[in-house]
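Close look at the chain arrangement
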Amino acid sequence: MLDVAVSACLLLGAGFAFTAGVGMVRFPGTLARMHPATKPQVLGLHLILLAMWLREPTWATAGALLLVGVFQVVTAAVAAYMVGRAAYRGRSPDDDGTAVPPLGRGRDTS
C-alpha cells in the first residue's frame, strides 16, 4: 500500500512539474508566465519530496526534505516577485513584458 502512495505522489509531482513547463512555453507574457513557474512547480516538488519521505521515513530524511521544501517555497516567491517587478517597471505601453530592453535602458552596458 505504501508503494502505491509513493508511486501516486511521484506521478502527480512529475505531472505538475510537466504542466509548469508547458505553461512556461504556452503563456503569452512574463506576468502570465510567473504563475506556472511558481505554483505548480512548487506543488510538484513537494509531492516528490513527500514520496521520498514515504519511501525512507526517518527523522534525518524528514529534516533534509523539509529544508528543501521550505527553501523552494521562499526562493520561488522571491524570484517571482523580482521577475514581476522587473517586467512591470521595464515595459513600454506596447510591450507585454516579454521583450528584452535595448542597451542603455535597464541593462548594464559595462
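From a predicted model like this one, the values you see are computed outputs, not experimental measurements. Counting of residues starts from 1 at the beginning of each chain's written sequence and follows it residue by residue. In view of the model being predicted, local features appear only for residues whose pLDDT reaches at least 70, and side-chain atom pairs are presented and counted only at 80 or more, with totals across whole chains, interfaces and linings using the full set of residues. Only hydrogens and water are removed before side-chain values are computed, so all heavy atoms of the structure are retained for them.

1. Some thoughts on the overall build of the chain
Check the secondary structure of the chain and you find three helices and zero strands. Shown N-terminal to C-terminal, the secondary structure of the chain runs as helices and strands in the order α-α-α. Burial analysis of the chain (110 residues in total) assigns 23% to the buried set. Approximately 7800 Å² of the chain is accessible, and the part contributed by carbon and sulfur atoms is 70%. Runs of E in the DSSP output that reach at least two residues are strands. Runs of H or I that reach at least four are helices, and both are numbered from the N terminus. Exposure categories follow from relative accessible area, calculated using a 1.4 Å probe and restricted to protein chains: below 20% of the type maximum is buried, above 50% is exposed, and the middle band is partly exposed. Here, Shrake-Rupley sampling with a 1.4 Å probe gives the accessible areas, and only protein chains in the shown set may cover a residue.

2. Describing the packing of helix H2 (residues 30–55) against helix H3 (residues 59–90)
Contact geometry for H2 and H3: axes closest at 10 Å, N-to-C directions at 180 degrees. Viewed along their axes, H2 and H3 adopt a mutual orientation that is roughly antiparallel. When H2 is examined against H3, the residues Thr30, Leu31, Met34, Thr38, Gln41, Val42, Leu45, His46, Leu49, Met52 and Trp53 are found in contact with a partner set consisting of Thr61, Ala62, Leu65, Val68, Gly69, Gln72, Val73, Ala76, Ala80, Val83, Gly84 and Ala87. Grouping the amino acids of the contact of H2 with H3 by side-chain chemistry returns 15 nonpolar, eight polar and no charged. Note on geometry: axes are C-alpha line fits, over the in-contact stretch for helices, and angles between N-to-C directions span 0 to 180 degrees. Angle categories: roughly parallel below 35 degrees, roughly antiparallel above 145, roughly perpendicular from 65 to 115, and oblique for all the rest. Whether two residues are in contact is decided by their heavy atoms, any of which lying within 4.5 Å being enough. Each residue gets one of three labels, nonpolar for Ala, Val, Leu, Ile, Met, Phe, Trp, Tyr, Cys and Pro, charged for Asp, Glu, Lys and Arg, and polar for the others, Gly among them.

3. Points about the pattern of salt bridges
Basic side-chain nitrogens of Lys or Arg form a salt bridge, by our definition, when they fall within 4 Å of a carboxyl oxygen of Asp or Glu. The full count for this structure, using the stated rule, is one salt bridge. Asp3 is paired through a salt bridge with Arg55; the nearest N and O atoms lie 2.9 Å apart. Of the two residues, Asp3 sits in helix H1 (residues 2–26) while Arg55 sits in helix H2, which places them 52 residues apart along the sequence. The exposed category is assigned to Arg55, whose relative accessible area is 59%.

4. Some details on H2
Turn by turn, an α-helix covers 3.6 residues, leaving residues three or four places apart pointing in a common direction. By definition here, a helix of n residues has an expected span of 1.5 Å times n minus one. The terminal C-alpha atoms of H2, which comprises 26 residues, lie 37 Å apart, in line with the 38 Å expected from a rise of 1.5 Å per residue. We define the bend at each residue as the angle formed by axes fitted to the 7 residues ending at it and the 7 residues starting at it. Its maximal kink placed at Gln41, H2 deviates by approximately 25 degrees. Listing the buried residues of H2 in full gives Thr30, Pro36, Thr38, Pro40, Val42, Gly44, Leu47, Leu49, Ala51 and Leu54. Looking at the buried side of H2, the elements it contacts are H1 and H3.

5. Thoughts on the confidence of the model for the chain
What pLDDT expresses is the predictor's confidence in each residue, scored from 0 to 100. Taken over all residues, the pLDDT of the chain has a mean of 84, while the share at 70 or more is 82%. Per-element confidence in the chain is highest for H1, whose mean pLDDT is 94, and lowest for H3, whose mean pLDDT is 90.

6. Overview of H1
Here H1 spans 36 Å end to end across 25 residues, near enough to the 36 Å set by a 1.5 Å rise per residue. Buried-residue contacts for H1 involve H2.

7. A look at the packing of H1 against H2
Contact geometry for H1 and H2: axes closest at 8 Å, N-to-C directions at 165 degrees. Considered as vectors, H1 and H2 are oriented roughly antiparallel to each other. Pair H1 / H2 crosses with left-handed handedness. Partitioning the contact of H1 with H2 into residue classes produces 21 nonpolar, four polar and three charged. Here is the rule for handedness: rotate from the far helix to the near one, and if that takes an anticlockwise turn smaller than a right angle the crossing is left-handed, while a clockwise turn gives right-handed.

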